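Notes for the structure review
The lines below spell out each chain.
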Amino acid sequence: MKKRVKLTFPQERIKEPVIFKMAKKYDIMPNIRRARVTEDFGEMILELEGTEANLEKGIKSLKAKGVEVELVEGDVLE
Amino acid sequence: MGHVLGLKCRECGREYEVAPIYVCEFCFGPLEVAYDYPKIKKVLTRKKIESRPMSLWRYKELLPIDGEPQVGLSSGYTPLVKAGKLARQLGMKELYIKDDTVVHPTLSFKDRVVAVALTKAKEFGFDTVACASTGNLAHSVAAHGARAGFNRFIFIPSTLEKSKIIASLVYNPNLIAVDGSYDDVNRLCSEIANKYNWAFVNINIRPFYAEGSKTQGYEIVEQLGWKAPDNVVVPCASGSLLTKIWKSLLELQKIGLLGDVRTKVFAAQAEGCGPIAEAIKNDTDVIRPVKPDTVAKSLAIGNPADGVYAYQAVKESGGGGEDVTDQEIIDAMKLLAETEGIFAETAGGVTLAAMIKLIEQGKINKDESTVICITGNGLKTQEALLGHLDEEHHIEPKFSAFEKVLKKIEKK
């Protein structure tokens, strides 16, 4: 299963390899499409591929580290 | 024949053929419709537009359809009300209200975007349309879709107010009430849109759907005698309406129907859900998602898809943004109704209240012409005013009782 997500990293997590750790632990393949880092935040748009259960765990682990995880298409509930 | 060249990624510029797709396969940026403006310039004149029926389709060359309009033939071309009384009260010279409280058939500007989305869905050959909504969009897809003969799937959070559910159910769509948070509904609908071959109006049809918003801008210009206002104040949820109003002005300029555009565009949001206004005020193009907590439910989009593009449009135009409290929203709704006789939904209160703040800050000049976009009817969200209005006068069915209360009223 593939998921397109937008991640926003708080300043204190920018230097940490959080994506690598999550990918390794939950057997998820990340494919980065866009990214930028400014003085006080990091933003990354990527595709994550893995089993549904692992993707759920992986995303949960990112959120637990303070990384904001959003849908690439934004909120669709209007 | 239409005048669409194709779809183009707003981020990397990659081009795609017209199809029900919405993100760039390469950078995941949003896709936008690209037009053949030189060709449109040759065929579209003010006279031609003015000769057509008064609906949003009078600008059909600037909309992303190939054939003739098929849905929402009576939608759009709402009044541009010169708000003399309200202007005087606020010390303004020239104030107009673009009154989308009266769009046909479901009384919000969503009837514009859905008319375009469902016409495109017909052209693509879909038999089922869908959306996820907390109100206005659901009503419009349910109503337009019924008349156009589509199967309809409408997803709502199960906690939605009964009045909003009824205003969808009456059109007999398949209404799916999802038990979960707003985030859960967002996630689920994205998954469903990717799996089923449906026209999900604001997901896979989004590039076409969003173009319908431009008609509000075209109408403002035409109704002002083919002039753009000095300022326009637009409520922001996803930010799409603001970006499309800005696009509409630039397009009219490009095809020679409007002179130089000097309009400043302003974003209006609620304090309890103001990620776009916050970015504008902080002068950053980083839109930080928020958890909405506001009485303005129709603007409660915490992760706005077009937030960054709304920010860019505001900056490009030299405009600004402001957010307002729930109390300011309610007060502005009452002011609009008391002065101009227009009962707007809470989003209308947001727009007017934000304009008042921007005037106080000197960001909108009182001597310039200003248009505020009022996007939905207050009859749909009456509960927002509960406890905020004067009570009615109860009397016995006696003449003396009436005279007694009349004296009390006259003393006020």
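Cut-offs and rules
Residues numbered from 1 in each chain as written. Chains lettered and ligands numbered in written order. Predicted model: local features only at pLDDT ≥ 70, side-chain atom pairs only at ≥ 80, totals over all residues. Contact = placed C-beta atoms within 7 Å. Helix = DSSP H or I, 4+ residues; strand = E, 2+ residues; numbered from the N terminus. Nonpolar A, V, L, I, M, F, W, Y, C, P; charged D, E, K, R; others polar. Pairing = 2+ DSSP bridges. Domains from an automatic or database assignment. pLDDT = per-residue confidence, 0-100.

Details of the interface of chain B and chain A
Counting from both sides, the interface comprises 27 residues of chain B and, opposite them, 15 residues of chain A. The biggest single contributor to the side of chain B that touches chain A is helix α7 (residues 182–195) of chain B, with six residues. Taken together, the residues that form the side of chain B that touches chain A break down as 17 nonpolar, eight polar and two charged.

Focus: the sheet that holds strand β3 (residues 31–35) of chain B
All names here are of chain B. With antiparallel pairing, the three strands of this open sheet are ordered in space as β2-β1-β3. Every interior strand has two partners, whereas the edge strands, β2 (15–16) and β3, have only one. Examined bridge by bridge, strand β1 (residues 4–9) and β2 share two bridges and lie antiparallel to one another. Opposite L7, over in β2, you have Y16 as the bridge partner.

So, the domain arrangement of chain B
Residue and element names in this part refer to chain B. According to the domain assignment, chain B consists of domain 1 (80–106 + 213–385) and domain 2 (110–210). The C-alpha-based centres of domain 1 and domain 2 are spaced at 25 Å. If you look at the interface, domain 1 gives 14 residues, while domain 2 gives 12 residues. Of all elements in the fold, only α9 (214–223) and α10 (240–254) reach the threshold of two or more residues within the side of domain 1 that touches domain 2. In terms of residue class, the side of domain 1 that touches domain 2 is made up of two nonpolar, eight polar and four charged.

A look at the confidence of the model for chain A
Averaged over all residues, the pLDDT of chain A is 91; the fraction at 70 or higher stands at 100%. Least confident of the elements in chain A is strand β4 (residues 68–71) of chain A, whose mean pLDDT is 90; most confident is helix α1 (residues 18–26) of chain A, at 95.

A closer look at the sheet that holds strand β7 (residues 151–157) of chain B
All names here are of chain B. One open sheet holds the four strands; their spatial order is β8-β7-β6-β9, and the pairing between them is parallel. In this open sheet, the two edge strands, each paired with only one partner strand, are β8 (174–178) and β9 (199–200). Bridge count for strand β6 (residues 128–132) against β7 is five bridges, and the pairing is parallel. Looking across to β7, one finds that A132 is bridged to F155.

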